[in-house]
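Descriptive analysis of the structure
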Amino acid sequence: KILSRRFNNNVTVETFGSSKTGFSLNSGDLDICLSFNKKTPTRVMDKISRLLFEEGMNDIRSIPKASVPIVKFSDPRSGLDVDISLDNQLAIYNSDMLKSYAQEHRLQQFVQMVKYWASRRDINEAFKGTLSSYAWTLLAIQHAQMIQPPLAPNRQIDFQSKPVSFQGTMYDVGFNNDEFMTKNKQSLASLLLSFFDRYATRWDWESMVVSIRNGQPLSTREKKWEHKGPLPLEIVTGADEGRMEHIMPIEDPFNHEHDLSRVVRAEGAMSIQNEFLRVIE
Ligand code: CTP
Ligand code: MG
């Protein structure tokens, strides 16, 4: 309401992320996508920040230069943390697909367990150089596709194509929304243990790319996503100041050029590695 009033109904406000997908923990934030029906005003992120300030919101931080510009704030009345992002259409589409995956109740619970673990161990903040909750969700779904019998289908085969253009590039955001009946009978505990076993001991991050649209890993060589630059340890110890690339390759299901580990910094990569080791020790 605040945004519509300020921008004279020239805006569309939609929610996405875990409040939409069903993979929410109670602690999750509220993700809002703002798009302008007509021309986007100049310095729009500043205008939004000022508006939120006037409305009494707390902790307002703007990240205008991110690939998707974001304003973060917290609402003092509800206590909710909110992210407003601008023109984040692909996120709306991928949230729709995640919601479709969440139809399977045990998959939903399993993803929530993985997200909960990552949040308790403080390795789920892209802004702090670890992986986003979204990336952890993709890791969990990939595991659920690969266990036998599968707990998750691949929703990007046998689907009706839905090409959309976004920032000058075409993306196919279609997916198969059919009900999926799993034959998997594993307990949640055993699912979680096998998740840790897969990613802590059996996954070769040098040669494998997490890809839920493929239903199984892709090869870093074929995708040209081989690890480049120093190792996290070399950066953390100051032995090398270079930049790492493709440190934990995870492909976005619609934007195939986007590696979700792009945000991971050396300290973050080491924390994630340590947390996996801590579990299996
Ligand atoms: N998203 C994305 N690309 C990213 C990060 C996020 O498209 N690199 C989109 C996804 O649609 C995701 C949504 O942003 O569902 C919210 O991301 P995030 O907050 O990381 O995931 P949630 O599941 O909402 O996690 P939480 O419950 O912790 O808020
Ligand atoms: Mg969220």
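For the structure, see preceding data.
Residues numbered from 1 in each chain as written. Chains lettered and ligands numbered in written order. Predicted model: local features only at pLDDT ≥ 70, side-chain atom pairs only at ≥ 80, totals over all residues. Heavy atoms only, no water.

Right, let's get into the sheet that holds strand β1 (residues 11–16). Strand order in the open sheet formed by 5 strands is β1-β2-β5-β4-β3, and the pairing between neighbours is mixed. Two strands lie at the open edges of the sheet, namely β1 and β3 (58–63), each paired on one side alone. Across the sheet, the mean angle separating the axes of adjacent strands is 20 degrees when strand polarity is ignored. Here 6 bridges tie β1 to strand β2 (residues 30–36), and the two strands are oriented antiparallel to one another. When the bridges of β2 are listed, T15 appears paired with I32. Strands β1 and β2 of the sheet are contacted by helix α4 (residues 89–101), whose axis makes an angle of about 40 degrees with β1. (Pairing = 2+ DSSP bridges. Helix = DSSP H or I, 4+ residues; strand = E, 2+ residues; numbered from the N terminus. Axes fitted to C-alpha atoms, helices over the stretch in contact; angles between N-to-C directions. Contact = heavy atoms within 4.5 Å.)

The protein atoms donating to the magnesium ion (ligand 2) are D29 (OD) and D31 (OD), with metal-donor distances spanning 2.0 to 2.2 Å. Judged by its relative accessible area of 12%, D31 falls in the buried class. (Donors = N, O, S within 2.8 Å, 3.2 Å for Na, K, Ca; no water. Buried < 20%, exposed > 50% of the residue type's maximum accessible area, 1.4 Å probe, protein only.)

Another point: the packing of helix α7 (residues 188–202) against helix α10 (residues 266–280). Between α7 and α10, the shortest axis-to-axis distance is 9 Å and the interhelical angle comes to 125 degrees. One way to sum up the angle between α7 and α10 is to call them oblique. Relative to α10, α7 is oriented so that their crossing is left-handed. On α10, the residues that touch F195, F196, Y199, A200 and T201 of α7 are F276, V279 and I280. Across the contact of α7 with α10, the residue classes tally to 7 nonpolar, 1 polar and no charged. (Parallel < 35°, antiparallel > 145°, perpendicular 65-115°, else oblique. Left-handed = near helix turned anticlockwise from the far one by under 90°. Nonpolar A, V, L, I, M, F, W, Y, C, P; charged D, E, K, R; others polar.)

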